[in-house]
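Observations on chain architecture
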Amino acid sequence: MKQELCKVDEILPGKMKQFKINNRQIVVARKGDEFYAMHGLCPHQGAQLGAGSLTGTNLPSDVGHFCYGKKGVVVRCPWHNHEFDITSGTSLHDDKTKLKNYNLEVKGEVVLIEI
């Protein structure tokens, strides 16, 4: 079942917002015109991911070199910097940890979520 989550302009590109729907914490991130939703609490110690940052991360690289990538698709936990890919919910630090993703649909000026 889909329900209205918010208006498109409530979340600016490069930003995210925390929602509580049916007692579930959900964080919604916007990259350009694309919206992504996932479980909104960090599995480490329960911080609200919406209070963190939407950023990129350091990618594997040679010693002494830093390669920054995934710009705008990484949610970083505000407490301990755990990082999650908004497109999949997968932790960047642990392949076994994954946050539940939710399907979103933009219809006109409204963002709908499937719970």
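It should be emphasised that the depicted structure is a prediction, and the values quoted were computed from it without experimental measurement. (Residues numbered from 1 in each chain as written. Predicted model: local features only at pLDDT ≥ 70, side-chain atom pairs only at ≥ 80, totals over all residues. Heavy atoms only, no water.)

1. Observations concerning the overall build of the protein chain
Our working definition: A run of DSSP states H or I qualifies as a helix once it reaches four residues; a run of E qualifies as a strand once it reaches two. Both are numbered from the N-terminal end. The reference for a compact globule is 2.2 Å times residues^0.38; the radius of gyration itself is calculated from the C-alpha atoms. Think of it in three bands: with a 1.4 Å probe and only protein chains considered, a residue is buried below 20% of the maximum accessible area for its type, exposed above 50%, and partly exposed in between. Calculation of accessible area relied on Shrake-Rupley with a 1.4 Å probe; when residues are assessed, cover is drawn exclusively from the protein chains displayed.
Helix and strand counts for the protein chain come out as zero helices and 10 strands. When the elements of the protein chain are put in sequence order from the N terminus, they spell out β-β-β-β-β-β-β-β-β-β. Taking 115 residues into account, the globule formula puts the C-alpha radius of gyration at 13 Å, and the protein chain, at 14 Å, falls close to it. Taken over the C-alpha atoms alone, the protein chain extends approximately 50 × 30 × 20 Å along its principal axes. By the burial criterion, 37% of the 115 residues in the protein chain qualify as buried. Surface accessibility of the protein chain: about 6,900 Å² in total, with carbon and sulfur atoms responsible for 48%.

2. Regarding the nonpolar core
A general tendency of soluble globular proteins is for nonpolar side chains to be buried together. The condition that has to hold: In this text, buried Ala, Val, Leu, Ile, Met, Phe, Trp, Tyr and Cys residues form a nonpolar core when linked through side-chain atoms within 4.5 Å. Working rule for contacts: check all heavy atoms of both residues, and any pair within 4.5 Å makes them a contact.
Core analysis: the biggest nonpolar cluster contains 15 residues, and Met16, Met38, Leu49, Leu54, Val75, Phe84 and Ile86 have the highest contact counts within it. Elements supplying a minimum of two residues to this core: β3 (24-31) and β6 (67-76). Considering each element in turn, this core owes the most residues, three residues, to β6. When neighbours within four sequence positions are excluded, Ile86 is seen to be in contact with Ala29, Tyr36, Met38, Leu54, Gly72, Val73, Val75 and Asn101. In this structure, Cys6, Phe19, Ala37 and Val111 belong to the second largest nonpolar core, which totals 13 residues.

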